[in-house]
Amino acid sequence: MSTETLNPKSEPSRWSKIWNSNMGYSFRRNPVAVVSMIVFLLIALASFLAPLIAPYDPYDPAQIDIMNSEYPPAWVSGSLPEFVLGTDDQGRDLWSTILYGTRLSLLIGICAVALQAFLGISIGLIAGYVGGRLDSLLMRLADIQLSFSTLMVAIIFLAVTQAMFGTDTFNKYAVVFLIAVIGVAEWPQYARTVRATVLAEKKKEYVDSARVLGFGPMRIMVRHILPNSLSPIFVISTVQVANAIISEASLSFLGLGMPPSQPSLGSLISSGFDYIFSGSWWITAIPGVVLVVLVLVINLLGDWMRDVLNPKLYKG
Amino acid sequence: MSLLSVRDLTVKFAMRDQTVTALNGISFDLAKGERLGIVGESGAGKSITGFSLMNLLSRPGYIDTGKILFEGEDVVQMNDKRLRNLRGNRMAMIFQDPMVTLNPVLTIGQQMIETLMAHRKLSHEEARQIAIVKLREVYIPSPEERLEQYPHELSGGMRQRIIIAIALLLDPQLIIADEPTTALDVTIQADIMELMLELCQSNQVGLILITHDLGVVSQMTERTLVMYAGRIIESGRTREIINDPQHPYTQGLINALPQQTVPGQRLKQIPGNMPGLASIPAGCAFNPRCKYATDLCRSRVPEAVHYGGVEVACHEVQRLNSDEDRQEARA
Amino acid sequence: MSDAKTDRPLLEIKNLEKRFDLDQGFLETLKFKQGKIVRESRSVHAVNNISLEARKGEALCVVGESGCGKSTVARLVAGLLTPSAGEIHYGGQRIDNLPRAGMQPLRKKIQMIFQNPYASLNPRMTIRQALEEPVRHHYPNASAAEVRDKVTEVMLSVGVDPSWAKRYPHEFSGGQRQRIAIARALTVDPEFIIADEPISALDVSIQAQVLNLMLEAKESRGLTYLFITHDLSVVEHFGTRVAVLYLGSVCEVADTATLFSSPKHPYTRALLSAVPQLKDDRPNHIRLKGEIPTPINLPKGCPFQSRCAFADARCKSEKPKAIHQPDGSMVACHAVEEDRLDAVAAG
């Protein structure tokens, strides 16, 4: 690897470069993008700092008292002042649980997308660059994969693993299983997009020029084509993170995801669902709102990014 | 009265951080049936001139000041309805890439007949007959069959002929052709040039030919404007400009052609690049590339003066043309 | 290379052919014709049986109109495409069938300059990265300082300020980018350069600068060029020998001076007469009938017959071979061979 060590003098100008670039400019000019970014950063920051911010640790059974269960949020009568957003059915502080749950949801979403991206980008690059039979084979695989819905694949896979390893082991490794299944189920999204971009980039003269200079296919793919195919990858990544969070929530809601002892947003919503008719609406509603807001801002950011990076809309 | 009279046309582009001037005080006239060439390199403002004449500029470009009098009427002040009547009917435009102008999902016939029926009160059959006559005029074999074809079924040269036929459809007074032959092969280019010349002469149609190719201008036009960084720097009869250019840029442009040097010798190149619109130097825009530049050139924009048969915007035109090299080159 | 081989051309192209299949895959080759399903694959005959040679220090120009196969020839020689038939020899070694590893030493010797300077540089690499990459690749043992010195030396030689090295290609004009592209090709000290329309995307005043640069490089580095262009005035200035291509076949090969003073093939004559001249008012060119046919279904016989004023029955049935002329040129034309051409023109 011959990575250029950056001159420390050029470091500060790099930020101003980004700020003054087309992307920085259109970001500043787009209030929706700015607000979405702020909300997203707030949620992300709060959830990743959960151990510091949260007043209670929902994973610590010693801090949970079942007698505290189903207290309403602070603004409803009958609440306790120490539980701002109330408590859930097990007596956990809802505010703390949501913080930890959001952290899990984001973690699973981002890691699953990282896995999708790794698989999809590698397969897409190879299919697009090598072409021919290998391309046909990989793309038919992608078609087959796409013809099963993510949820269906995930449900079958998770149900089988749950039965195989037993609930206890499954619950222990639930995060890993969820990342793996969501990651593997959606790689064709990346592979197709990357392949299409690679096909377009491959025709450009800089790729020919690299070939004439005798560079190997690996180098051409990774150093030359990939950096020029990043725009669509960024765009789908945002959408995919939102989708992965929803998938995780859906699976957890169906009882195939995170266990109630280690709740993500989805399993929180699910556990509160049983109490909705007994009047404890907040256990479902508040995590639900957080989930909706999180997914919404990510999608809004994705929309903005697509508008900026889409070469057809972008006027140079 | 001249057909077209442009006075002090200034076009600006409102960019993100600043407003740049793309055309700076352009003035010229065109008589009825006259053929005028506008020469310059990319970024000189020649295409923007063409677009401005039809008031076709779109954001972020706009006409800042100036008048474009076409048959005595100011194009800049026209409302949309009059502009529609102007475009196509009295003024037509031919672009470099015929595929952009022709609609790929309509047949040639549909496009021609629709244009005719939109502007004239004609029946479909009458319009069809006119279309056939126009296609014959541009030497398209079996025009009746061509009317049924789609643009992609035709070759590049054929398409450009059809574009010309469409431009001539409503008998305009003026045709603005922006690099009409650049995308074509040499042998086809020669045919198309000959055709355009013939049609302009026989129908008394004015032509504004925008091109970077001095050879094309030399063969097609009577008068020429040379543009540099948004200004006209030299204008006059084409023969005068080609044979005895006065402005150092025009001289450089002509001398840089490979035909002007003994094969294998170093070409007489102009150093440097045309400045970007955002960074046009003070004074004469050409001064950083000009070996005759003085302090005056660096501070004041030269006015056009009459010299040696042409109008030329250069402070040093007298001195440089008494220069020994120059005398030699001319001899 | 030993001196004994100097009489041998540096580059030899022998009976080169390239077809591009239009119908790929089995299903696409199935056609429905006259009530029957037949298997038929169409292909574009981009290059048909071309033989050319370039001697050391020469600038061999290949001219022709769009679709004549000139760029395909360049890409075949550069190893970007594999020939369908025929051989390419460089310095006495056959290169068209070499594997990638075997090609490596030749990659240093044969370099290419492309038409579009806006596409031939990787937009995400700084100038320094783009220029250092080939040096590092071909001289893996060179130290960082050596690489830097080499790049600086090449940048200076093409007139690019070394202090620009940190910038990205989009910050430069077309002419500057083409200089950088040339610099990139020169970093590995090649001896043979394939230039595919290197100046046609540039402005007139910049064209002269780039042509001068290429001439200088030719002299100072002893380069041999394969120069692909459609611009005959550039050929006259730059080329030592010219090959005129039409529809994938060679019409005429001659020394530049010979070709421009006495063109023989009817197509060469038409081409020369069509170049817009500065000095005469009246265009007076030889009109060709029709337009270039598609290279999908090539006519039998001479490829130029459909547009040639001298075509007769023999031209329609038999493809002419290149024949040596007294002045050293090679012309593939029955009419020239039979001496019909000037007889008709005179009569």
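These figures come from a predicted structure and were not determined experimentally.

Draft legend 1. Examining the overall build of chain B more closely. Regarding its fold elements, chain B presents 14 helices and 12 strands. Against the 2.2 N^0.38 benchmark of 20 Å for 331 residues, chain B shows a C-alpha radius of gyration of 21 Å, consistent with a compact globule. Put simply, of all contacts in chain B between residues at least 6 apart along the chain, 62% involve residues at least 24 apart.

Draft legend 2. The arrangement of the overall build of chain A in detail. Regarding its fold elements, chain A presents 14 helices and 0 strands. Taken from N to C terminus, the helices and strands of chain A fall in the order α-α-α-α-α-α-α-α-α-α-α-α-α-α. Once the C-alpha set of chain A is aligned to its principal axes, its extents read approximately 75 × 50 × 35 Å. Scored against the burial criterion, the 316 residues of chain A give a buried share of 41%. Of the contacts formed within chain A by residues at least 6 apart in sequence, a portion of 69% connects residues at least 24 apart.

Draft legend 3. Quick look at the interface of chain B and chain C. Taken residue by residue, the interface counts 34 residues in chain B and 32 residues in chain C. Counting residues per element, the ones that place at least two in the side of chain B that touches chain C are helix 8 (186–203), helix 9 (214–220) and helix 11 (248–255) of chain B. The leading source of residues in the side of chain B that touches chain C is helix 8 of chain B, at 8 residues. Class assignment of the residues belonging to the side of chain B that touches chain C gives a composition of 14 nonpolar, 14 polar and 6 charged.

Draft legend 4. Focus on the domain arrangement of chain B. When cut into domains, chain B gives domain 1 (104–169) and domain 2 (253–330). Here the C-alpha centre of domain 2 of chain B lies 45 Å away from the C-alpha centre of domain 1 of chain B.

Draft legend 5. Fine view of the nonpolar core. Residues L60 and L226 of chain C are the most contacted members of the largest nonpolar core, which totals 259 residues. Considering every element that reaches this core, the biggest residue donor is helix 5 (residues 94–130) of chain A, with 15 residues. Viewed by domain, this core spans two of them, domain 1 (104–169) and domain 2 (253–330) of chain B, each represented by three or more residues. L226 of chain C has contacts with L11, A54, L60, V62, A74, V77 and I194 of chain C, leaving out every residue within four places of it along the chain.

Draft legend 6. Focus on the interface of chain C and chain A. At the interface, 20 residues of chain C touch 15 residues of chain A. For the side of chain C that touches chain A, the secondary structure elements donating two or more residues are helix 2 (100–109), strand 8 (110–113) and helix 3 (127–138) of chain C. In terms of residue count, helix 3 of chain C provides more of the side of chain C that touches chain A than any other element does, 5 residues in total.

Draft legend 7. Seen up close, the sheet that holds strand 14 (residues 330–331) of chain C. Residue and element names in this part refer to chain C. Pairing is mixed in the open sheet, where 8 strands are placed in the order 8-9-10-5-11-12-14-13. Bordering the open sheet on either side are strand 8 and strand 13 (323–324), each of which pairs with just one other strand. Direction of pairing for strand 5 (residues 59–63) relative to strand 10 (residues 224–229): parallel, over a ladder of 5 bridges. Following the sheet pairing, L60 is matched in strand 10 by L226. Packing against the sheet, helix 5 (residues 174–186) makes contact with strand 8 and strand 9 (192–196), and its axis sits at approximately 170° to strand 8.

Draft legend 8. Seen up close, helix 1 (residues 46–53) of chain B. Residues and elements named next belong to chain B. Of all 8 residues in helix 1, 6 are buried, a share of seventy percent or more. If you check which residues of helix 1 are buried, you get K46, I48, T49, G50, S52 and L53. Trailing helix 1 by a residue or two, N55 shows a phi angle of about 55°, which is positive.

Draft legend 9. Broad picture of the confidence of the model for chain A. Residue and element names in this part refer to chain A. Looking at chain A as a whole, its pLDDT mean stands at 84, while 93% of the residues score no less than 70. Per-element confidence in chain A ranges from a low mean pLDDT of 66 for helix 1 (residues 11–20) to a high of 93 for helix 10 (residues 205–212). Across residues 1–12, where pLDDT falls below 50, the model places 3 contacts with residues more than four positions away in sequence or in other chains. pLDDT under 50 marks residues 312–316. Its contacts with residues more than four places away, or in other chains, come to 2 contacts.

Draft legend 10. View of the confidence of the model for chain B. Put simply, chain B has an average pLDDT of 88, and 97% of its residues get 70 or more. Scoring the predicted complex yields pTM 0.84 and, for the interface, ipTM 0.85.

Draft legend 11. How the structure looks around the sheet that holds strand 4 (residues 61–70) of chain B. All names here are of chain B. A sheet is described by the order of its strands in space; here 4 strands give the open sequence 2-1-4-5, paired in antiparallel fashion. Two strands lie at the open edges of the sheet, namely strand 2 (19–30) and strand 5 (73–74), each paired on one side alone. In this structure, strand 1 (residues 4–14) lies alongside strand 2, joined through 8 bridges in antiparallel fashion. Each bridged residue has a counterpart across the sheet, and for V6 the counterpart in strand 2 is F28. Along the sheet, helix 1 makes contact with strand 1, strand 2 and strand 4, crossing strand 2 at roughly 70°.

Draft legend 12. Just the environment of R128 of chain B, in detail. Residue and element names in this part refer to chain B. As for its position among the elements, R128 is in helix 5 (residues 124–137). The partly exposed category is assigned to R128, around which 18 C-beta atoms lie within 10 Å. Residues within four places of R128 in sequence aside, it is in contact with G109 and I113.

Draft legend 13. Region of the structure containing the pairing of strand 9 of chain C. Residue and element names in this part refer to chain C. Across the 5 residues of strand 9, 5 count as buried, placing the element largely inside the fold. Burial of the side chains of strand 9 extends over both faces: F192, I194 and D196 are buried on one face and I193 and A195 on the other. Pairing of strand 8 with strand 9, which is carried by 4 bridges, proceeds in the parallel orientation. Looking at the pairing, Q111 lines up with I193 of strand 9.

The rules behind each value
Residues numbered from 1 in each chain as written. Chains lettered and ligands numbered in written order. Predicted model: local features only at pLDDT ≥ 70, side-chain atom pairs only at ≥ 80, totals over all residues. Helix = DSSP H or I, 4+ residues; strand = E, 2+ residues; numbered from the N terminus. Rg over C-alpha atoms; globule rule 2.2 N^0.38 Å. Contact = placed C-beta atoms within 7 Å. Buried ≥ 20, exposed ≤ 12 C-beta atoms within 10 Å, placed from the backbone. Nonpolar A, V, L, I, M, F, W, Y, C, P; charged D, E, K, R; others polar. Domains from an automatic or database assignment. Core = buried A, V, L, I, M, F, W, Y, C linked by C-beta atoms within 7 Å. Pairing = 2+ DSSP bridges. Axes fitted to C-alpha atoms, helices over the stretch in contact; angles between N-to-C directions. pLDDT = per-residue confidence, 0-100.

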